[in-house]
Amino acid sequence: MSVEPEVPIVQVEEVRENPVLYKIISSDNHVFTISEHAVKLSKTLWDLITNLGLTAENALDNPIPVENVNGKNMETIVQFCERHKYDEEEPEYTNYIREFVLPEWDRQLLSIDNEELFQLILATNYLDIQKLMDYCCRVIGDMAKDKTPEELRIIYGIPTDAEDDALERSASDSPGPSG
Amino acid sequence: MAPFFLLRLPLLPVLEVVKHMKTKEMYNFSRCSKKCQQTVRNAAGNHFELRLYFWTENEMILKSKKGIENTIHFSFENFPVIAWSWTRSDNSVRRFPYKKYSGLYIKEKELIKYLVETFNCIIGELRFHCDATQNVFQPLLNFFLQSQFEFHLVAFDEGIVNDEDFKYLMDNCKMKELDLLCSVAVLSIEDFKIDVFCLRTLYSDWVTQNHLLKMTFELGYIQINCNMKKWMEIVKAWMNGWNKRMKFALFETTRFDLDLADQIIENVIPGKRIDKEVIRQYPMISSDLNFTRHSSVLRGGYDFQRKEDGVLATITQDSGPQKRYVFAVWQ
């Protein structure tokens, strides 16, 4: 008789080739395995692994809980990291110039609706994955191409100055925690 | 599709998104609201420069270090896309249909102020059409002087610069490069020190020996209507200590035969003829300056020394299509 695991385990194809694996648990209790090379793309996760003293021997017995990222985003992130784990290190940006071609595979991966993209960029920001952040920002920045300010206001849901002022007024008028 | 609520993201990702935009999109985004303008200001860093052309129809160019495709042209009074600007695509030009008969440049000033504030940019280049700005030059310059007094390039095109205006400019501004495609009566003012000096008056006779010998510069592009005698005097003047700052200059003229001048110079100036087969590369000074880039390979030439300190210089005909001399100082 087979026993169903308590939580679904997501296997990502590329992880099999690497002997050192880590387990990550998303906020909604999905468990992911990720290779060492891939997890290094996330500064936050790699710092955690280093600080927790996880090694090849004990890594799979000590899953890392990531409470700020749900399973759907974590799956995208693991896919991304496995795909790019052997990429050559990018030359440092000169603070401003962000010139690169977004690969088709990544464009497809990031062809998701705006709400999902929003959550993904929050997760990417939290996990500190520079390359995915660049790619997400490029996709979001590209939405502005050849658009007028009026169109941009709709695309990015930008309030007018009057709406911003009204919001600020109502925030300052509302009673504080003790009021 | 639901909007992507960009400004609800944490600040750093928002700035990253804006940095990924082209300059034109950054500008449009900044126009959405004050918050957006502030966001662009935070993202812009010090990567933008403004170039301002006050001609019969005025043009403002916001230039990004990201390259030519990230440049926006703002033009007033339906500025036509003319021959010299053929490289830019038509949609990079934003036209402001507006009549500026008052001469107050109100709309232009509004836009300049907005761009300077929003993109943290400096005004790098000021180019004035002498006739178009004849009566408004000083108030216009005063407007720029409110925010900065140092410019990379100041240029005057076409016509005659008012003496007082020119003195006012030289007294109140610093500039690395001065480009004169016009007549200036007071060019021989004392203390005329410019790093890069372009004087392009090939078809008029107003530049005198006195003018030339009062100015000093490091790099020069001098297009003057001078005869062979004047040219020899310039070379002699350098030997006697004129313009010790000079590193590299191009002298262009239509008046005399350069081959004949090459023969005569050997009798007038003590020095050494270098064979045409000998090629020397002058160490390049700035990649921004076209005239230095194309003329830095010296073929043969005539070498001579400054009397006071023995510094060596070479004059040789430029290998380019124009008939002109390269004057290179080896130091």
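Residues numbered from 1 in each chain as written. Chains lettered and ligands numbered in written order. Predicted model: local features only at pLDDT ≥ 70, side-chain atom pairs only at ≥ 80, totals over all residues. Heavy atoms only, no water.

## Details of the overall build of chain A
Next up, step 1: In terms of helices and strands, chain A carries eight helices and four strands.
Next up, step 2: Reading chain A from its N terminus to its C terminus gives the helix and strand order β-β-β-α-α-β-α-α-α-α-α-α.
Next up, step 3: In chain A, the proportion of contacts linking residues at least 24 apart, taken out of those at least 6 apart, comes to 61%.
Next up, step 4: For chain A, the exposed area adds up to about 10500 Å²; of that, 50% sits on carbon and sulfur atoms. (Helix = DSSP H or I, 4+ residues; strand = E, 2+ residues; numbered from the N terminus. Contact = heavy atoms within 4.5 Å. Areas by Shrake-Rupley, 256 points an atom, 1.4 Å probe, with all protein chains shown as cover.)

## Concerning the overall build of chain B
Next up, step 1: Looking only at helices and strands, chain B has 10 helices and 14 strands in total.
Next up, step 2: The burial tally for chain B puts 55% of its 331 residues in the buried class.
Next up, step 3: Sequence-distant contacts, at least 24 apart, represent 56% of the contacts inside chain B between residues at least 6 apart. (Buried < 20%, exposed > 50% of the residue type's maximum accessible area, 1.4 Å probe, protein only.)

## Section: the packing of helix α5 (residues 137-145) of chain B against helix α6 (residues 163-172) of chain B
Residues and elements named next belong to chain B.
Next up, step 1: Running from N to C, α5 and α6 cross one another at 15 degrees; their axes reach a closest spacing of 10 Å. Classified by the angle their axes make, α5 and α6 are roughly parallel. For the pair α5 and α6, the crossing hand works out as right-handed. Across the interface between the two elements, F137, Q138, L141, N142 and L145 from α5 touch E164, D165, Y168, L169 and N172 from α6. (Axes fitted to C-alpha atoms, helices over the stretch in contact; angles between N-to-C directions. Parallel < 35°, antiparallel > 145°, perpendicular 65-115°, else oblique. Left-handed = near helix turned anticlockwise from the far one by under 90°.)

## Comments concerning the UniProt feature "domain: SKP1 component POZ" (unreviewed entry) in chain A
Next up, step 1: Under the feature "domain: SKP1 component POZ" (unreviewed entry), the UniProt entry names residues 23-85 of chain A.
Next up, step 2: Structurally, residues 23-85 of chain A comprises 44% helix and 16% strand, and the distance from its first C-alpha atom to its last is 17 Å. (UniProt positions renumbered as here; feature names shortened; annotations may be inferred.)

## Remarks on the pairing of strand β9 (residues 215-224) of chain B
Residues and elements named next belong to chain B.
Next up, step 1: Burial runs high along β9: nine of the 10 residues are buried.
Next up, step 2: Bridging between strand β8 (residues 192-201) and β9 involves nine bridges; their strand directions are parallel. Of the residues in β9, the one forming a bridge with L199 is I222.
Next up, step 3: Pairing of β9 with strand β10 (residues 248-252), which is carried by five bridges, proceeds in the parallel orientation. Each bridged residue has a counterpart across the sheet, and for G220 the counterpart in β10 is A249.
Next up, step 4: Note on the crossover from β9 through helix α8 (residues 228-239) to β10: the handedness is right-handed. (Pairing = 2+ DSSP bridges. Right-handed = clockwise from strand over helix to strand, strands pointing away.)

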